[in-house]
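# Survey of secondary and tertiary structure
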Amino acid sequence: GVNGSKLISQILKDAHIPIHLRKNQLVVEDAEKIVWCVGFSIGREAVADKQSKIVHVSVKEVNS
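So, a few notes on the structure that sits alongside this text. (Residues numbered from 1 in each chain as written. Predicted model: local features only at pLDDT ≥ 70, side-chain atom pairs only at ≥ 80, totals over all residues. Heavy atoms only, no water.)

## A short note on the layout of surface pockets
The condition that has to hold: Every definition here rests on a 1 Å grid over the protein atoms only: cavities are sets of points where a 1.4 Å probe fits but cannot get out, pockets are open sets enclosed by protein on both sides within 12 Å along at least five of seven lines, and lining residues have some atom within 4 Å of a point. Grid points are joined across faces, edges and corners, and a volume is the space filled by probe spheres set on the points.
In this structure, the largest pocket encloses a volume near 380 Å³. For the largest pocket, the lining is made up of 13 residues, of which I42, A46, K53, I54 and V55 are closest to its centre.

## Examining the pairing of strand β2 (residues 34–37)
Heads up, the condition is: A pair of strands is treated as paired once DSSP finds two or more bridges between them. Every helix listed is a DSSP run of H or I at least four residues long, and every strand listed is a run of E at least two residues long, numbered separately from the N terminus.
Pairing analysis gives 3 bridges linking strand β1 (residues 27–29) to β2, with the strands arranged antiparallel. Residue pairing for β2: V27 is matched across the bridge by C37. Joining the antiparallel neighbours β1 and β2 is a turn of 4 residues. For β2 and strand β3 (residues 41–42), the ladder comprises 2 bridges, and the chain directions are antiparallel. Among the inter-strand pairings, W36 is bridged to a residue of β3, identified as I42. Counting the residues that bridge the hairpin from β2 to β3 gives 3 residues, and of these G39 lies at a positive phi of roughly 90°.

## Examining the sheet that holds β3
A sheet is described by the order of its strands in space; here 3 strands give the open sequence β1-β2-β3, paired in antiparallel fashion. Each edge of the open sheet carries a strand with a single partner, namely β1 and β3.

Structural data, given as structure tokens:
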């Protein structure tokens, strides 16, 4: 997260996400590291500043 680092498993555990649902958690990564645990935590490198080029990402559940 922004104020330190945490394993994705610990983020989901702290959020009380049941184990059987954790395998479906969306995670965004770049070539080197995880930058976003969707809906829970964002990495410090993903925080924008004045020089940042912004990419808009939206996540939508699709019923199949």
